[in-house]
Every structure is written in C-alpha cells, then in structure tokens.
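# Structural overview
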Amino acid sequence: MLVDAHSVIFSWPELHELHRRNGLLAREELVRRLTAYQDSTGVRVVVVFDGKGERPASETEPGGVQVFYSGGGSTADEIVERL
C-alpha cells in the first residue's frame, strides 16, 4: 500500500489537529498507525512525505513501514507515481 502521508494527515481529523500543534508528532503517529496496520494485515506499507524531514530520504526499520521523503526536487505525489 502506498500512502501520501500529508494527504492522509490533513484528511484524518485527529492527525490534522495534532499536526496543527506539532507536525513531527503527527508524522510519527501516522507511521505508528501504519505500522500497526501492516503488522495486523501483513500488507506491506510504503509512506511518502513531502520535504526532507529530519531523517534520510528513505528509511526502513526491520519489520516497519518503508518511509520516503520527497526532498526539494520533487513532491510526494511524484514519488508515489514512480513507485
């Protein structure tokens, strides 16, 4: 499953409210929830954020969801389309 992170954050009322207070916490909560979904369903999840973030362009913890940041030269939509 490919997820455009900010689209989900801004359409999920709880995450949107959290994002207004603290964007980093909202991103972490989304990844936490997607990890729980992946764990319970076995469906591989890839989440893509716009921007560089505080982490490398791509990361995956063992058993976790794969996370991409689009960087300055592209958008999350472009990354999702390529994937």
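Residues numbered from 1 in each chain as written. Predicted model: local features only at pLDDT ≥ 70, side-chain atom pairs only at ≥ 80, totals over all residues. Heavy atoms only, no water.

### Notes on a negative patch on the surface
Judged by side-chain charge, Asp50, Asp77, Glu78 and Glu81 come together as a negatively charged surface patch. Looking at where Glu81 falls in the secondary structure, it is placed in helix α4 (residues 76-82). Using a relative accessible area of 67% as the deciding quantity, one classes Glu81 as exposed. (Patch = residues over 30% accessible without salt bridge, like charges linked within 9 Å, V, L, I, M, F, W, Y side chains within 5 Å. Areas by Shrake-Rupley, 256 points an atom, 1.4 Å probe, with all protein chains shown as cover. Salt bridge = Lys/Arg side-chain N within 4 Å of Asp/Glu carboxyl O. Lys, Arg positive; Asp, Glu negative; His and termini not counted. Charge placed at Lys NZ, Arg CZ, Asp CG, Glu CD. Helix = DSSP H or I, 4+ residues; strand = E, 2+ residues; numbered from the N terminus. Buried < 20%, exposed > 50% of the residue type's maximum accessible area, 1.4 Å probe, protein only.)

### Some words on the pattern of salt bridges
Counting across every chain of the model gives five salt bridges. Linking Arg21 and Glu17 is a salt bridge whose minimum nitrogen-to-oxygen distance equals 3.8 Å. Taken together, the positions of Arg21 and Glu17, both in helix α2 (residues 13-21) and four residues apart, correspond to about one turn of that helix. We classify Arg21 as exposed; its relative accessible area is 60%.

### Quick notes on the pairing of strand β4 (residues 66-69)
Residues of β4 alternate between two faces, with Gln66 and Phe68 on one and Val67 and Tyr69 on the opposite face, all of them buried. Sheet topology places strand β2 (residues 46-49) next to β4; four bridges connect them, and they run parallel. Its bridge partner being in β4, Val48 is matched across the sheet by Phe68. (Pairing = 2+ DSSP bridges.)

### Section: a nonpolar patch on the surface
Nonpolar side chains collect at one region of the surface, where Met1, Tyr37 and Val43 lie side by side and expose about 240 Å² of accessible area between them. Under the relative-accessibility criterion, Val43 is labelled partly exposed at 31%.

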